[in-house]
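# Overview (structure and organization)
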Amino acid sequence: MASNKIQFRSIHELKDPALNNKLAQKEFQEEIPVEDFLGDAEKNGSSTSRRDFLKLLGFSTAAVTLAACEAPVIKTIPYVVKPHDIIPGIPNYYASTYFDGFDFASVLVKTREGRPIKIEPNPAGGDLGKTNARAQASVLSLYDNDKVKQPKLDGKDETFDKVDSFVIKGLEEAKASGKKIVVLSHSFASPTFKKLFAEFKAKYPTAELVTFDAYPYSAGLDAAQEVFGQRALPVYDLNGSELVVSFQADFLGDYNASSLETSYAAARKPGPNMLRHIQVESNMSLTGANADSRYRLKPSAVNKTLVEVYNAIVGGGTSDKTATEIANELKAKGSKAVVFADGSKGAQVLAHLINQKLGSVAFTGKANFLKEFDGARYQEFLGWVNGGQVGVLVTNNVDPIYAHPKGEDFKKSLSKVPYVIAVADKKNEMYKAAKAVIPVANWLESWGDIEPQTGVYSLMQPTIQKIYKSRQIEESLLVWKNGKNNAANNYYDYLKASSASLLGGTSFNKALYNGINASTNSTTLSYAGGNAAQAVAELGNFKASELELVLYTKTSMGDGTQANNPWLQELPDPITRMSWDNYLTISPKDAEKFGIDNDLNARMQLDGSIVNLTVNGVTIKDVPVFVQPGQAEGSVGLALGYGKKNSGATADTGVNAYPLFDGSNLVLSGAKIEKTGEDHEFAGIQLQNTLMGRYEIAKEVPLADFINVAFDDEHKGWNKPLEYH
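Residues numbered from 1 in each chain as written. Predicted model: local features only at pLDDT ≥ 70, side-chain atom pairs only at ≥ 80, totals over all residues. Heavy atoms only, no water.

## Points about the sheet that holds strand 17 (residues 448–450)
Each strand in a sheet pairs with its neighbour through backbone hydrogen bonds, running either in the same direction (parallel) or in the opposite one (antiparallel). As a reminder of what qualifies: The criterion for strand pairing is that DSSP finds at least two bridges linking the strands in question. A run of H or I in DSSP becomes a helix once it reaches four residues, and a run of E becomes a strand once it reaches two; helices and strands are each numbered from the N terminus. For helices, the fitted line uses only the C-alpha atoms of the stretch in contact; every axis is such a line through C-alpha atoms, and the angle between N-to-C directions lies from 0 to 180 degrees.
As summarised here, the arrangement of the three strands in space is 17-18-19, forming an open sheet in which the pairing is antiparallel. Of all the strands in the sheet, just strand 17 and strand 19 (516–518) have a single pairing partner and so form its edges. Along the sheet, successive strands turn relative to each other by an average axial angle of 25°, direction set aside. Pairing of strand 18 (residues 456–460) with strand 19, which is carried by three bridges, proceeds in the antiparallel orientation. Its bridge partner lying in strand 19, Val 456 is registered against Ala 518.

Okay, here's the thing in structure tokens:
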């Protein structure tokens, strides 16, 4: 039978049984005494007069008043010659590729009268055709009014022609002097972009392409290079698996630069071979919330458990009870089991080696090419800059000043680069440091291609004319390579010619119609190494401390690329139900220990304590704290991607946690918190409205009853139809 237990929505509701009634009383407030409020300002002591209030309301009040009198007259101008592919009111769909440097998806773009209005999954894309919240919200970023709208030179509006003259002058000077020309870009798995850069390098031999990602997946790439001999993330498929064990890996989120939601959902179909899910983690993640068994452990304990599981699997044995239970389940399932791990390179190496020992069928052998960051290469680039060896630096919509722990040092070193050109979408730190700025085109305004994984080739096409005076970096490289006003500077023509060798006989128009296509790339991954002893030593060197920090990305915000998108800021976190903030998550017991409070104010909204967080000598000030049931004791969590300055009013929300992130290790020991004495008002929806006595939010039933008992059984039915009277 279905469970009749009450599902409490918050700690506060659990502690205060009368809270629901209090919330119900607050749900429908009494009407505001408008006449009293808007009366004589002198009588009521208010500095706001009736006239000022109506000014503040502006057109909205006038519109409501006029609407009561008569309907407005709306004049339309018909087409003189109607475009054959546009029928007013009927949408058109175009297959394209959503890629912003962090996220990828094969999509269908819904347009109406030439304007993109909605992003839909592309059914032809399979797992690669699924959209997350950020893909869905990206259509709003197209119309962002805070974007850079005009090319700049020395801080002033300028034409592309004069900016190009400035850049070409710098390129020729660097070529003559032998100084390096560096294009610093986010990961860009575009075969045509790489071909174009190779041609650019042929003209300017000192040119170098360097990758920088705010959230670089460095640990995963380093582990893959060690285990597979190739710097590419492995692709997994859970359809044939019956057990998944995850150590800190939020694989339903941004883990491994892809999501396993589709195959996970298919494998979790109730039945005798239903996928069992064990999660070992510190933060309360969306993946962990879906687990059958969840172990709450601080990061140092997670590392220890992973090592013990590895020892048990390879035959060394273990005395750890939790590790023994997990290892026994893994051995019983054998090749139908798979292990994921996150947080450090060592953790991921051990996970790969366990999967190799099990012969896991979830490992497909395919390679994910979406992430390309190489920490050693980036450090080499910093050495060039500090040594005065770079003559021209072109940044492709990246901002290391914001997203790198040594960002301020990098900012100072830019004074040694004679020509700094920022291809940027916001007036961020790189924008301010650059001598020339080129507004970057939105993906919905651009032509392009992406090779996301083995055997897959995806095309991007514009669905609207460029709204502002923007240009994608490929167009700029063509101009700088060929010279201004050259007929060969059309990137559409260049892309069409380049794609022919990748499509295996499929015509360009057909490939564009499909959006996603088979490619001739047959790269595969296979187990070729892996130093288990070194990985175990790395995890053992992680020192346990009173508080340990776990950095993560939110479902809404990701790495912060779209931080100025209000849809994403407004989207409540699926676990905390909070929006418009990042915050330090802490367990209830640790909150009590450190005197951290989450209280309901007089308006029944949640207030939280504010602390200063210090890790490894770096302090992040004024961090609000959210008490999170399910957080492991001795651990705290903080999301990346917030606190972006000079990127729009919306982006300047929350605190910037990137100064704590070295690009590889998501778990840090030695965290300390200090209360400031101030409180923060959260924007939360968990207690926004009441259930008015309807406590059975969702039916809860044991798996055995779900499989064996009819849902409408007269006596044991677990989902009996409602009776109408």
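Anyway, onward from the coordinates.
## Description of the sheet that holds strand 11 (residues 293–296)
Filter applied, for reference: Here, two residues are considered to be in contact whenever any of their heavy atoms come within 4.5 Å of each other.
Sheet architecture is open: four strands sit in the order 11-10-9-12, paired in parallel fashion. Since the sheet does not close on itself, it has two edges, and those belong to strand 11 and strand 12 (337–341), each with one partner. Sheet twist, expressed as the mean angle between neighbouring strand axes with direction ignored, is 10°. In terms of strand pairing, strand 10 (residues 276–281) meets strand 11 through four bridges, oriented parallel. Counted as the bridge partner of Val 280 is Tyr 295 from strand 11. Along the sheet, helix 13 (residues 299–314) makes contact with strand 9 (243–247), strand 10 and strand 12, crossing strand 9 at roughly 135°. Along the sheet, helix 14 (residues 321–333) makes contact with strand 9, strand 10, strand 11 and strand 12, crossing strand 9 at roughly 145°.

## Structural notes on the side chain of Asp 100
Applied cut-off: By the criterion applied in these results, polar contacts are pairs of N or O atoms within 3.5 Å in which, for protein atoms, one can donate a hydrogen and the other can accept it, and in which residues neighboring in sequence qualify only through two side-chain atoms.
Within the secondary structure, Asp 100 sits in the loop between strand 1 (92–99) and strand 2 (104–112). Here the side chain of Asp 100 touches Tyr 98 through a polar contact of 2.9 Å, side chain to side chain. Not counting the four nearest positions on each side in its chain, Asp 100 is found in contact with Thr 561 and Gln 562.

## Digging into the pairing of strand 14 (residues 390–396)
A regular strand places its side chains on the two faces of the sheet in alternate fashion. For the record, the criterion: Working definition: with a 1.4 Å probe on protein chains only, accessible area under 20% of the residue-type maximum means buried, over 50% means exposed, and in between means partly exposed.
With seven of seven residues buried, strand 14 lies mostly within the body of the structure. Of the strand pairs in this sheet, strand 6 (residues 180–185) and strand 14 are connected by six bridges, and their pairing is parallel. Looking across to strand 14, one finds that Ile 181 is bridged to Val 392. Here five bridges tie strand 14 to strand 15 (residues 419–424), and the two strands are oriented parallel to one another. Along strand 15, the bridge assignment pairs Asn 396 with Val 423.

## Focus on a nonpolar patch on the surface
The condition that has to hold: Patches in this entry comprise residues that are over 30% relatively accessible and not in a salt bridge; like charges within 9 Å are linked, as are nonpolar side chains (Val, Leu, Ile, Met, Phe, Trp, Tyr) within 5 Å. Using a 1.4 Å probe, the Shrake-Rupley method yields the accessible areas, and only the shown protein chains count as cover for residues. Take a side-chain nitrogen of Lys or Arg and a carboxyl oxygen of Asp or Glu: if they are within 4 Å of each other, that pair is a salt bridge.
Taken together, the side chains of Leu 703, Phe 706 and Ile 707 make up a nonpolar region of the molecular surface, amounting to roughly 250 Å² of accessible area. Judged by its relative accessible area of 42%, Ile 707 falls in the partly exposed class.

## Focus: the packing of helix 13 against helix 15 (residues 345–358)
Note the threshold: Angles are sorted into four bins: roughly parallel if under 35 degrees, roughly antiparallel if over 145, roughly perpendicular if 65 to 115, and oblique for all others. Crossing handedness is defined as follows: a turn of the near helix away from the far one that is anticlockwise and smaller than a right angle gives a left-handed crossing, while the clockwise case is right-handed.
Helix 15 packs onto helix 13 with a crossing angle of 25° between their chain directions and a minimal axis gap of 10 Å. Between helix 13 and helix 15, the interaxial angle falls into the category roughly parallel. As helix 13 runs across helix 15, the sense of the crossing is left-handed. Side by side, helix 13 and helix 15 meet where Leu 306, Val 307, Val 309, Tyr 310, Ile 313 and Val 314 of the first sit next to Ala 347, Leu 350, Leu 353, Ile 354, Lys 357 and Leu 358 of the second.

## A few points about the pattern of salt bridges
Taken as a whole and judged by the stated rule, the model has 30 salt bridges. Linking Arg 134 and Asp 254 is a salt bridge whose minimum nitrogen-to-oxygen distance equals 2.6 Å. Taken together, the residues span a long stretch of sequence, with Arg 134 in helix 7 (residues 133–142) and Asp 254 in the loop between strand 9 and helix 11 (261–267) at a distance of 120 residues. Taken as a pair, Arg 134 and Asp 254 share a single burial class, namely buried. Through salt bridges with shared partners, a single ionic network connects Lys 180, Glu 208, Arg 377 and Glu 380.

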